[in-house]
Amino acid sequence: MGELTPWLRLILRRKHRLTAGGLLMLATLLSGIGLLALSGWFITATALAGALLAAGYAMTLDVYVPGAGIRFFALTRTVSRYFERLYNHDTVLRLLADIRVMVFAAMARQPYRQQAKRKSADWLSRLTGDINALDNLYLQWLAPSAVVLLAFSLITLVLASVQWQLLYALLPLALIPPLLFVLFKICRKATADSQEGLSVLRSAALDTLSGQAELMAARHWQAHTDTLVTHSHELQELRSRVDRNISLGQSITTLLVQLSAFLVLVGGLSIWQSGGLSGPLVALFTLAVMALGEGLAMLPQAYGQLGATLVAAKRLNEDRPLATAATAITCNDSSLFRDQTLMAEGLSLRIEATPLLRPLSFRLAPGERLAVLGPSGSGKSTLADLVAGLLPDYEGTLNTLPGHALPSQPRWAASISYLPQQSWLFADTVRANLLLARSEADDEALWQVLHAVALDKVIRRLPQGLDSFIGEQGQYLSGGEGRRLALARALLRPASLLILDEPFTGVDESTRALVTERMAPYLESKTCLFLGHARSHLPNTDHQLSLG
Amino acid sequence: MTSPAATTAAAKVWLAGRKAPGSQAIRLTALAGTGVVLFTLVQFGCMAWLAHALLIAGEPLANQLPVILGGVLAIVLRALCQALQGRYAANASDAIRNRVRQDLVRQWHQRGPVGLAGVSAGTLTTEWLDQVDALHGYYARFLPQLTICMVGPLLILLVVASMDWLAALFLLLSAPLIPLFMALVGMGAERLNQQHMETLARLSGLFLDRVRGITTLQLFGAIGQGQRDIAAGTEAYRLINLKTLRIAFLSSAVLEFFSSVAIAVVAIYVGFGLLGYIDYGPAGELTLFTGLFILMLAPEFFQPLRQLAQHYHDRAAALGAAAELEKRLDEVAVTHTIQQAVQTSTAGSGSAIVVDNVSLQYPGATNTALEQVCLAVPPGEMIGLSGVSGSGKSTLLAALAGFISPTTGQIRVMGHPPGAMPIGWLGQQPFLKHGSWAENLQLANATVSESAMLDALRQVGLDNHVLSRRAGLQSAISEQGQGVSGGQARRLAMARLLLANYPVVLMDEPTAGLDQDTEAVIVQAIKSLKRQGCTLVIASHHPSLLATCDRVLRVQEGRVQHG
């Protein structure tokens, strides 16, 4: 259960909302209990009074107060139920925002190399699922448990104050918490296994379908799809086992609640015979216990599935060490690197003995431009990542001051502008994508840089100009246009060191020439590192270095 | 264009048509659910009887032992029926889902890689796993509950009517109003939801978008901005959702309202009746037994409907899935028929591949993809197919592999119909298994030795890469989240071909999209395959690869030009 601690702490930050939502939930349950219990009291009381009246006794029974009470509870039950659902769903959506921000902040503190796997669709859908499991923690588990416990305590207290000898009739209800705990224990492994099983089956299905041509030609297709079908049967069976356990838990809960109500009735009647309890009160407590069952009925499902939530929490904890500080450090001082020389001596990088970059040395004085050329796989992009400070585990030296390492990440990032080989465009407007680079830039500056990359005409033609939405991964732009927008963003950034890795991917030759000419003012007074597979695909430089 | 209503109707028909393998379990689920209602009735009857017998009739508790035992028995049987209902429901859709999954697999097979070319593996996987699973709630919960909704309330109504027809009338009158109000409210919510569909889709994608671009945000020192975007996007998402929920929750409020009002009305009517304040109708004959019994039954009358409302989203999910699955399963599969019968042909017995006057037309296409193609390839020959894209090269390869059948003419591969015996295939997307290097290499031939695997890896220049891993051949092909690059995947597939000893290997653009190093490795490996005596047919644009072929045939508008 320890895996929930950071998340519970996060959820509990919204104390007031949680309390208000819980109180609404309690009001709904108590209204339901009040409605049935008071009705039962009323009918029994009137039946007894009617019998006395029929027998000729004179007596009065106030029918208006209980009648009004019954109408009151009927109304509050409906109204509080409606507002409870609305308010608590609102809370869940607010918690979703909290959880997302926390997960994102934790991910941002992770080393770059671990970020690579975030590209896989499988990983992303799992992240979404895990977060959803957590944002339901409050509504499905935390709040109902607390509310039912409170309502149960209330009934116990009232019964104890009226007739404590009947308290034994509530004993079956006391068995429900251990039952729920056992249910959680039994289902825990199976829910975790079925989650894992689904993930494995998904990637196996993806592999098989992606390799269909090869598998069919080799006549392995049948065997592979048969395995998929067998595994899907096994997974189905695992999930039904959880379902069966949960429904068993639900039926035992029903059994205990109804037995308790029955016991209250029979025990209450026998106490009534000895004069210790009035007839209408027997009916009241019986129906109160039955109405409490409504709140209890949801719990077995919540506890049976709790294992899945724990797995989700555990995975989120493992993937992202959750530090205490939730705010990211930012640095806007771009002058750090100005007038300094970038020096690399025997710089190399290997991962698990696989060399990604063979040792190399260079010096880059202020305002100088260096082109690094090499075929794909020669380590160009690794070098670019190294200089951008994304890969700290290199060998050799890389620094701006002899004897020191590169400044730490947020400070170093503030003085460089880096266009990686695979740039990312956000699903947002043209303006928002550009302003990332320089938040204070005005429209004129934006149009200017768009002109430099020959995108101004394209963007002006869009109905909303700078405020046009460019789609997910910039899909409303062509590949070359998207690349140039990313280039514009890199140029716009006020930085002392500019790193461009294959800046013209997907850009045709005439546009390339035009952009090279127009971007010249943006390169002035900047130290530049360009990387590409051919000289002709890069702007002019003072020096060049060949890799591989 | 089909209207949403027509789509829903079609989806319903499809769901009904698929029900058969599970109908027994669905019936049993509904039966057990009806049992719950029945025994609840008995339990409440016993309880009301006990209260009446003691409080009004003044009988001693000891005389009521049979009723007490009857009540306890009813409670036990009620719980038992509930457990059975859950038990049957858990497996109710197993057979149905298995059948749909198998049908989908059969459909993949029949359409083959050519027929499925336009659909991503991700889409097919989602259909096969998630969409099929979305059917479960419909068969296991919604359908049985629909039956229970018809039987349960009717049963309760009859019992109430037998005691007091006026109270039964209250219940009867409120019941048909409920679905009406719920439908009205539901329609409102749906319309509101459709208005915001696009914004909602954009906002729900925003979080993953920022997660995927996290490095970019870091480089621009804009992590804070990313956090603000996520918070603001989720906030906007919340506000729009609340607008819909405000109306959607009204439908459950309607149910609550009727069930609360029914209890209140019944309680006050019964109470006043018992006091003798009501002197028309059956009210004069009310007793504590009938009064208490009717009161306890009033909420139960609405209970099945409330549960049905909870399962309504199961129905919506299943209808959505059904529409997708129906589309996939109904697609015409005429592109591929695999010949299972292995018959030896005498024609061209000296050749590895014989194509005899083959023409091929895709279903629905106006022009032919292949036009009277004749070809004979002797064993061990390496044939290149050149031509612009769309000329028919890939179609010819697919026909040789048996992925599609010729409209006229005949093909023989090693004397058998295409697809009848294993051959090698190398496309641009090789098969990769989530597993070790060894598992991937042993795919065609499980008995291949470790040294042979290392040798094959050496030939494609992957030996150092694999040996540098801690577990060597047993290490996973993708580790620490670092996948296999496109070039590595192609090298791995090539190594597998070297180990497999296929008599015939077909290659579709084996060097497309590769860097120069990998390209050279692949060309070398193709030469080794040829040295092994393998017959090769290679479709390619690559001049130096075509130059190593024994013969190059130009394919143009579906015709093969020899020479």
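Please read these numbers as outputs of a predicted model, since none were measured by experiment. (Residues numbered from 1 in each chain as written. Chains lettered and ligands numbered in written order. Predicted model: local features only at pLDDT ≥ 70, side-chain atom pairs only at ≥ 80, totals over all residues. Heavy atoms only, no water.)

Along the backbone of chain B there are 20 helices and nine strands. Over its C-alpha atoms chain B spans a radius of gyration of 35 Å, topping by over 25% the 24 Å that the globule rule assigns to 563 residues. Judged by the C-alpha coordinates and their principal axes, chain B covers about 110 × 65 × 50 Å. Relative to its full complement of 563 residues, chain B shows a buried share of 56%. Partitioning the contacts of chain B with sequence separation of at least 6, the portion at a separation of at least 24 is 77%. Between the mean site of the 39 positive side-chain charges and the mean site of the 36 negative ones, chain B shows a separation of 3 Å. (Helix = DSSP H or I, 4+ residues; strand = E, 2+ residues; numbered from the N terminus. Rg over C-alpha atoms; globule rule 2.2 N^0.38 Å. Buried < 20%, exposed > 50% of the residue type's maximum accessible area, 1.4 Å probe, protein only. Contact = heavy atoms within 4.5 Å. Lys, Arg positive; Asp, Glu negative; His and termini not counted. Charge placed at Lys NZ, Arg CZ, Asp CG, Glu CD.)

The number of helices and strands found in chain A is 21 helices and eight strands. Over its C-alpha trace chain A gives a radius of gyration of 35 Å, far above what one expects of a compact globule, namely 24 Å for 548 residues. Along the longest, intermediate and shortest principal axes, the C-alpha atoms of chain A span 115 × 60 × 50 Å. When burial is assessed residue by residue, chain A has 55% of its 548 residues classed as buried. At a minimum sequence separation of 6, the contacts of chain A that also span at least 24 residues come to 78%. Of the roughly 23300 Å² of accessible surface on chain A, 59% is carried by carbon and sulfur atoms. In chain A, 48 side chains carry a positive charge and 43 a negative one; their mean positions are 4 Å apart. (Areas by Shrake-Rupley, 256 points an atom, 1.4 Å probe, with all protein chains shown as cover.)

Listed per partner, the contact involves 132 residues of chain B and 128 residues of chain A. For the pairing of chain B and chain A, the buried interface totals around 11800 Å² over both sides, and the portion due to carbon and sulfur atoms is 67%. Together, R212, L219 and F220 of chain B form the three largest contributors to the area buried by chain B at its contact with chain A, with a combined 7%. Remark: the boundary between chain B and chain A carries eight salt bridges. R239 of chain A serves as the salt-bridge partner of D133 of chain B, at 2.7 Å between the closest nitrogen and oxygen. Where chain B packs against chain A, one counts 28 residue pairs in polar contact (both at pLDDT 80 or more). Contributions of two or more residues to the side of chain B that touches chain A are made by α2 (23-55), α3 (65-92), α4 (94-115), α5 (121-133), α9 (197-212), α10 (214-219), α11 (223-274) and α12 (288-310) of chain B. A total of 31 residues in the side of chain B that touches chain A trace back to one element, the largest contributor, which is α11 of chain B. When grouped by side-chain class, the residues that make up the side of chain B that touches chain A number 70 nonpolar, 39 polar and 23 charged. (Buried area = accessible area lost by both parts, 1.4 Å probe. Salt bridge = Lys/Arg side-chain N within 4 Å of Asp/Glu carboxyl O. Polar contact = N/O pair within 3.5 Å; in protein donor to acceptor, adjacent residues only side chain to side chain. Nonpolar A, V, L, I, M, F, W, Y, C, P; charged D, E, K, R; others polar.)

Taken domain by domain, chain A holds domain 1 (2-319) and domain 2 (342-546). The C-alpha centroid of domain 2 of chain A is placed 53 Å from the C-alpha centroid of domain 1 of chain A. (Domains from an automatic or database assignment.)

This brings us to unusual backbone geometry. All names here are of chain B. Notably, M414 is not glycine yet its phi reads approximately 50°, a positive angle. Mapped onto the secondary structure, M414 falls in the loop between β4 (408-413) and β5 (424-426). The exposure class of M414 is partly exposed, given its relative accessible area of 34%. Even without a glycine there, the phi angle at E557 is positive, about 50°. By the element assignment, E557 lies in the loop between β8 (551-556) and β9 (559-561).

Before going further, it helps to spend a moment on the pairing of strand β6 (residues 497-501) of chain A. All names here are of chain A. The element β6 is extensively covered by neighbouring structure, given that five of its five residues are classed as buried. Because side chains alternate across β6, one face comprises the buried residues L497, I499 and D501, and the other comprises L498 and L500, equally buried. In terms of strand pairing, strand β5 (residues 416-419) meets β6 through four bridges, oriented parallel. Paired with L419 across the bridge in β6 is L500. In this sheet, strand β7 (residues 527-532) lies alongside β6 in parallel orientation, the contact comprising five bridges. Bridged to D501 within β7 is L531. (Pairing = 2+ DSSP bridges.)

A word on the domain arrangement of chain B. Residue and element names in this part refer to chain B. For chain B, the assigned domains are domain 1 (7-163 + 313-333), domain 2 (165-285) and domain 3 (353-561). Listed per partner, the contact involves four residues of domain 1 and five residues of domain 2. Both faces considered, domain 1 and domain 2 share a buried interface measuring about 370 Å² in area, 82% of it formed by carbon and sulfur atoms. The three residues of domain 1 that bury the most area against domain 2 are L157, V160 and A161, which together make up 87% of that side's buried surface. For the pair domain 1 and domain 2, the number of links is zero salt bridges.

Turning to the sheet that holds β4 of chain B, a few remarks are in order. All names here are of chain B. The sheet built from three strands is open, its strands ordered β2-β1-β4 with antiparallel pairing. Across the chains shown, the open sheet's two edge strands, defined by having one partner strand only, are β2 (370-377) and β4. With direction set aside, neighbouring strand axes in the sheet form an average angle of 15°. Pairing analysis gives five bridges linking strand β1 (residues 353-360) to β2, with the strands arranged antiparallel. (Axes fitted to C-alpha atoms, helices over the stretch in contact; angles between N-to-C directions.)

So, about the side chain of E127 of chain B. With respect to the secondary-structure elements, E127 of chain B resides in helix α5. With residues up to four places along the chain from it excluded, the contact list for E127 of chain B reads L104, V132, L325 and R328 of chain B.

Residues and elements named next belong to chain A. Within the element layout of this structure, L95 appears in helix α3 (residues 64-108). Judged by its relative accessible area of 2%, L95 falls in the buried class. Measuring from C-alpha to C-alpha, the distance between L95 and R13 comes to 9.7 Å, with 82 residues separating the pair along the chain. Discounting residues that sit within four places of it in the chain, L95 has contacts with I11, R14 and Y138.

Right, let's get into the environment of A174 of chain A. Here A174 of chain A lies in helix α7 (residues 171-174). Separated by 82 residues in sequence, A174 of chain A and L256 of chain A have C-alpha atoms that sit 9.0 Å apart.

Attention shifts here to helix α14 (residues 380-387) of chain A. All names here are of chain A. Taken across its eight residues, α14 has seven buried, putting it largely inside the fold. The set of residues buried in α14 consists of K380, T382, L383, A384, D385, L386 and V387. The first or second residue beyond α14 is G389, which carries a positive phi of 80°.

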